[in-house]
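Chains, contacts and geometry: an overview
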Number of protein chains: 4
Amino acid sequence: MVWGHLAVRDPDGRGVWMKASGWGFEEITRDQIVLVSWDGDVLAGNGKRHLEYPIHTEIMRARPEVTASLHTHPDTVNAFSALDIPLRPISHDATAFAEHGVPRYRATANLVRTAELGRALADDLGPAHACLMPQHGLVAAGVDVAHAVMYAVLLQRACATQLAAGDVKVLTSDEEALEKAALVWADAQIEAGWQYWVRRLSD
Amino acid sequence: MVWGHLAVRDPDGRGVWMKASGWGFEEITRDQIVLVSWDGDVLAGNGKRHLEYPIHTEIMRARPEVTASLHTHPDTVNAFSALDIPLRPISHDATAFAEHGVPRYRATANLVRTAELGRALADDLGPAHACLMPQHGLVAAGVDVAHAVMYAVLLQRACATQLAAGDVKVLTSDEEALEKAALVWADAQIEAGWQYWVRRLSD
Amino acid sequence: MVWGHLAVRDPDGRGVWMKASGWGFEEITRDQIVLVSWDGDVLAGNGKRHLEYPIHTEIMRARPEVTASLHTHPDTVNAFSALDIPLRPISHDATAFAEHGVPRYRATANLVRTAELGRALADDLGPAHACLMPQHGLVAAGVDVAHAVMYAVLLQRACATQLAAGDVKVLTSDEEALEKAALVWADAQIEAGWQYWVRRLSD
Amino acid sequence: MVWGHLAVRDPDGRGVWMKASGWGFEEITRDQIVLVSWDGDVLAGNGKRHLEYPIHTEIMRARPEVTASLHTHPDTVNAFSALDIPLRPISHDATAFAEHGVPRYRATANLVRTAELGRALADDLGPAHACLMPQHGLVAAGVDVAHAVMYAVLLQRACATQLAAGDVKVLTSDEEALEKAALVWADAQIEAGWQYWVRRLSD
């Protein structure tokens, strides 16, 4: 559907380039992207600004290394968040979050419609790759679009797998999970996964 | 399949325009629509009248602001209805029903084949956006087709999400759910979701 | 995949016309159908006979009104059968089995590879529309192909819905279920559902 | 995605021919296959070697009759492995593993990146058709590609079916499961299933 949005840091430091509101992700071309300033003004591009632009501006303000962030509302993530249990490393997917965990956003289940709510989200996210937003969805952040998108997909898949399992009995030790994350989700692996999707979309 | 139907209020007050029976939703063109009078007579159009026309005539009789109503039988809605638990606001989808709740139709699990059964359904629905029909399906109603269809989709998704979660531990407060509903499901948002689907079907 | 088969009674009483083995259902044309005698001899047609022909010959021998029978192995049916609980009328789909219930085949979980095993299956099926074959699949039977296929689909959907619900709390009374079955699954409704699929396949 | 790999024993005994890394299974042609020696050297072909080549070299070293092995990461297999319960023969699919069971790999949940870890996997696999790799995925092995691929698919389906059932009450006796396996998964049946997929891919 038309909710959910991706933002990329403006290389000239003016703010973030975001998907315009009212469009599905798969409809986006260069004509449905807007440059939103750090204060929420539309500086360039066509289309309407999403109400929740502070998700992206505040995460990028707080995390200088982040250049891409993504907000979506997967059913399985909302089902998982409603259980208030930790994400367990029962798959490679879940292991991507071994180092920083998957924090939960506490300030609101409503839209992140003010800079203050965006700062609270950036605070809860901290150094993590992604954050659960209970009753709402998720946000993921990365050093580039490949990382942000992969983290969002991996979190969605990890939540679905743990929901399917139910009461988990067997899992990797914390130490092994950290070792796995470094190997399985090295930058080259993230890039390989991303390039595969880019190729499939080009078909 | 061929069960389930959508109706739209006749602008001249003669009754409702309904999908004809025997066709799947995706097969419907202007040639498979019939005008059904308030008493169930076919006044215009081609095709057979669904037995359950009183669902639509009685809801529109009871709710002057409603101009579209939709009846379907999603598996996940029937599974959810069998549990006799309230729908919880664990996603944006479920929040759409925060103000009026999702009432349950009690008169029958059989087809709504008389005006009396239709009136009982309209009574149980009351001012709500949608009503569970246990062992049968759902009905949704709105000020236009966009609202009726969106409410049906949101209810189906909300039931699926809560079934996936199981025993819900974390949810939005009633107060926040109401605030969310006003913002997330404002008319412009319903319209944006609907227009997206219309575009996708045109592709 | 290539397992599962449909049979139709030979109008001249020589046996049953069956899908040949080694092909998927969607690959079948007039060239992959064989006439199998009541004793298992291939009398006409091209292709190999399925080992389990006695499913069809023995059901049709025991039920003179049956002219079509179908055997498949849906995952959800096998999951449901493993629970040893009755099918509950929590949807229109499940209500199709209100009159005769859904019996269970007890003689074997292995292939129905002899006339004796086929007779035991026909005995367990009795007058019902379909029979669970635990650890194996299902068989459905009807007065024509439309009925046999619809009963198989309805049973698969009913099992999936009840699995999704889990511990069912609310259901139709036995009396209402019988009334519903007569109305919802009248011959004209079965035919309407079947004709819809035939149209979709022709697209 | 691009993880998971299939290997085939080199007919001249030099090692295994493997899918190259960085590609999805459906992208593979003769140009994305590499010959990996028993010590991990790339002897022929284009593309990068997967880190986990010891899965294949060590299984084929330990099992002279195996000529094909497959490693994938299905969600349902990871969910099932996290429960630490045995696979039950509640479907034909699960029965394929009746004779040897489905052992679990214990040495690591991390990548199988050394010959020693590969030998430990071959030890845990023993004579079985497939092995669960908890928090990671599965490996399957067979006398040809048809068997290896079918065993991987059957294990994935069997895990999904048992997850859907939950607490299994009814199942085949061990004796019957063995009889079923011999009949249902005879070589000719494996080949028939495989040839069906080959035909579908050619369409």
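Residues numbered from 1 in each chain as written. Chains lettered and ligands numbered in written order. Predicted model: local features only at pLDDT ≥ 70, side-chain atom pairs only at ≥ 80, totals over all residues. Heavy atoms only, no water.

1. Concerning the overall build of chain A
When helices and strands are counted, chain A shows seven helices and seven strands. Listing each helix as α and each strand as β along chain A from the N terminus yields β-β-β-β-α-β-α-α-α-β-β-α-α-α. Taking 203 residues into account, the globule formula puts the C-alpha radius of gyration at 17 Å, and chain A, at 17 Å, falls close to it. For the C-alpha atoms alone, the extent of chain A along its principal axes is close to 50 × 40 × 30 Å. Counting across all 203 residues of chain A, residues that qualify as buried make up 55%. Summarising the internal contacts of chain A: among those between residues at least 6 apart in sequence, 62% fall at separations of at least 24. On chain A, roughly 8,200 Å² of surface is accessible, and the fraction owed to carbon and sulfur atoms is 52%. Averaging the locations of the 18 positively and 26 negatively charged side chains of chain A gives two centres separated by 4 Å. (Helix = DSSP H or I, 4+ residues; strand = E, 2+ residues; numbered from the N terminus. Rg over C-alpha atoms; globule rule 2.2 N^0.38 Å. Buried < 20%, exposed > 50% of the residue type's maximum accessible area, 1.4 Å probe, protein only. Contact = heavy atoms within 4.5 Å. Areas by Shrake-Rupley, 256 points an atom, 1.4 Å probe, with all protein chains shown as cover. Lys, Arg positive; Asp, Glu negative; His and termini not counted. Charge placed at Lys NZ, Arg CZ, Asp CG, Glu CD.)

2. Topic: the sheet that holds strand E7 (residues 137–142) of chain A
Residues and elements named next belong to chain A. If you walk across this open sheet you meet the seven strands as E4-E3-E2-E1-E5-E7-E6, and the pairing is antiparallel. In this open sheet, the two strands that pair with only one neighbour each are strand E4 (42–45) and strand E6 (130–133). Strand-to-strand, the axes of this sheet are offset by a mean angle of 20°, without reference to chain direction. The pairing of E6 with E7 spans four bridges and is antiparallel. (Pairing = 2+ DSSP bridges. Axes fitted to C-alpha atoms, helices over the stretch in contact; angles between N-to-C directions.)

3. Some thoughts on the relation of the copies chain A and chain B
Superposition of chain A onto chain B requires a rotation of 90° combined with a translation of 0.0 Å along the rotation axis, giving an RMSD of 0.0 Å. Considering both components of the superposition, the chain copies are consistent with a four-fold axis. For chain A, the minimum C-alpha distance to the rotation axis belongs to A:Ala164 and amounts to 5.9 Å. (Least-squares fit on C-alpha atoms with pLDDT ≥ 70 in both.)

4. Quick word on the arrangement of the chains
Note that chain A does not reach chain C: the shortest distance linking a C-alpha of one to a C-alpha of the other is 12 Å. In this assembly chain B lies apart from chain D, the nearest approach of their C-alpha atoms being 12 Å.

5. Some points on unusual backbone geometry
Generally, phi is negative for residues other than glycine and the peptide bonds are trans, each holding for most cases. Not every positive phi belongs to a glycine, and B:Gln135 is a case in point at roughly 60°. Note that B:Gln135 resides in the loop between strand E6 (130–133) and strand E7 (137–142).

6. A look at the interface of chain A and chain D
Reports of interface size often rely on the accessible area that becomes lost once the parts have come together. In this complex, chain A contributes 29 residues to the contact, which on the side of chain D involves 25 residues. Here chain A meets chain D over a buried area of about 2,300 Å², counting both sides, of which 59% is carbon and sulfur. Across the contact surface, chain A and chain D share three salt bridges. A:Arg157 is paired through a salt bridge with D:Asp75; the nearest N and O atoms lie 3.5 Å apart. Put simply, chain A and chain D have 14 residue pairs in polar contact (both at pLDDT 80 or more) between them. (Buried area = accessible area lost by both parts, 1.4 Å probe. Salt bridge = Lys/Arg side-chain N within 4 Å of Asp/Glu carboxyl O. Polar contact = N/O pair within 3.5 Å; in protein donor to acceptor, adjacent residues only side chain to side chain.)

7. Description of the packing of helix H1 (residues 53–62) of chain A against helix H4 (residues 115–125) of chain A
Residues and elements named next belong to chain A. One can describe the packing of H1 onto H4 by two numbers: an axis separation of 8 Å at closest approach and a directional angle of 50°. With respect to H4, the axis of H1 lies oblique. Of the two possible hands of crossing, H1 and H4 adopt the one that is right-handed. For the pair formed by H1 and H4, the contact residues are Pro54, Ile55, Glu58, Ile59 and Ala62 on the first element and Ala115, Gly118, Arg119, Leu121, Ala122 and Leu125 on the second. (Parallel < 35°, antiparallel > 145°, perpendicular 65-115°, else oblique. Left-handed = near helix turned anticlockwise from the far one by under 90°.)

8. Regarding the sheet that holds strand E7 (residues 137–142) of chain C
All names here are of chain C. Across the sheet, which stays open at both edges, the seven strands sit in the order E4-E3-E2-E1-E5-E7-E6 with antiparallel pairing between neighbours. Taken across any chain shown, the strands that pair with only one partner, and hence form the sheet edges, are strand E4 (42–45) and strand E6 (130–133). The average undirected angle you get between the axes of adjacent strands in this sheet is 20°. Here strand E1 (residues 5–9) pairs with strand E5 (residues 68–72) via four bridges, running antiparallel. Within E5, the position partnered with Leu6 by the bridge is Leu70.

9. Thoughts on helix H1 (residues 53–62) of chain B
Side chains that are three or four residues apart share a direction in an α-helix, a result of its 3.6 residues per turn. The buried count for H1(B) comes to eight of ten residues, which makes it a mostly enclosed element. Along H1(B), the residues classified as buried are B:Tyr53, B:Pro54, B:Ile55, B:His56, B:Thr57, B:Glu58, B:Ile59 and B:Met60.

10. What to know about the pairing of strand E3 (residues 33–37) of chain A
For E3(A), a buried count of four out of five residues is recorded, marking the element as mostly surrounded by other parts of the structure. The turn linking E3(A) back onto E4(A) is made up of four residues, and A:Gly40 within it adopts a positive phi angle of 95°.

11. Thoughts on the confidence of the model for chain A
For chain A, per-residue confidence averages 95 on the pLDDT scale, and 100% of positions sit at 70 or higher. Both confidence scores are given for the complex: pTM 0.96, ipTM 0.94. (pLDDT = per-residue confidence, 0-100.)

12. Concerning the packing of aromatic side chains
In the structure shown here, the tally under the stated rule is eight aromatic pairs over all chains. Consider the rings of B:Trp3 and C:Trp185, whose centres lie 5.3 Å apart with planes at 80°: the pair is edge-to-face. Remark: C:Trp185 occurs in the loop between helix H6 (174–184) and helix H7 (187–202) and B:Trp3 occurs in the segment before strand E1 (5–9); the pair is interchain, linking two chains. Over the ring of C:Phe25 we find C:Lys19; its NZ or CZ atom is 5.8 Å from the centre of that ring. (Phe/Tyr/Trp six-rings, centres within 6.5 Å; stacked < 30°, edge-to-face > 60°. Lys NZ or Arg CZ within 6 Å of the ring centre and 35° of its normal.)

13. Quick notes on the interface of chain A and chain B
Contact residues are listed per partner, giving 25 residues for chain A and 29 residues for chain B. Contact with chain B buries area across many residues of chain A, yet A:Met1, A:Trp3 and A:Gln135 alone supply 29% of it, more than any other trio. Where chain A meets chain B, there are three salt bridges. Notably, a salt bridge pairs A:Glu26 with B:Arg200, separated by 3.3 Å at the nearest N-O pair.

14. Re the packing of helix H5 (residues 145–165) of chain A against helix H7 (residues 187–202) of chain A
Residue and element names in this part refer to chain A. Where H5 contacts H7, the axes come no closer than 9 Å and their chain directions differ by 85°. By the angle between their axes, H5 is roughly perpendicular relative to H7. Taking contact as the criterion, the partners of Val145, Ala146, His147, Val149, Met150, Tyr151 and Val153 in H5 are, on H7, Asp187, Ile190, Glu191, Gly193, Trp194 and Trp197. A breakdown of the residues in the contact of H5 with H7 according to their chemical character gives nine nonpolar, two polar and two charged. (Nonpolar A, V, L, I, M, F, W, Y, C, P; charged D, E, K, R; others polar.)

15. Comments concerning the pairing of E6(A)
Here E6(A) shows no split at all, with A:Ala130 and A:Leu132 on one side and A:Cys131 and A:Met133 on the other all buried. Hairpin geometry of E6(A) and E7(A) is characterised by an intervening segment of three residues between the two adjacent antiparallel strands and by a positive phi of about 60° at A:Gln135.

16. Some remarks on H6(C)
Residue and element names in this part refer to chain C. Among all positions of H6, only Glu176, Ala177, Lys180, Ala181 and Val184 are buried. In an axial view of H6, the angular spread of the buried residues amounts to 140°, which keeps them on one side of the axis. For H6, the exposed residues set more than 90 degrees away from the buried face come down to Glu175 and Ala182. Each element contacted by the buried residues of H6 is listed here: helix H3 (92–95) and H7. (Arc of directions from axis to C-beta.)

17. A few points about the environment of A:Asp174
All names here are of chain A. Take Asp174: it is sitting in helix H6 (residues 174–184). Among the residues examined, Asp174 registers a relative accessible area of 64% and is labelled exposed. Linking Asp174 and Arg88, residues 86 residues apart in sequence, is a C-alpha distance of 9.9 Å.

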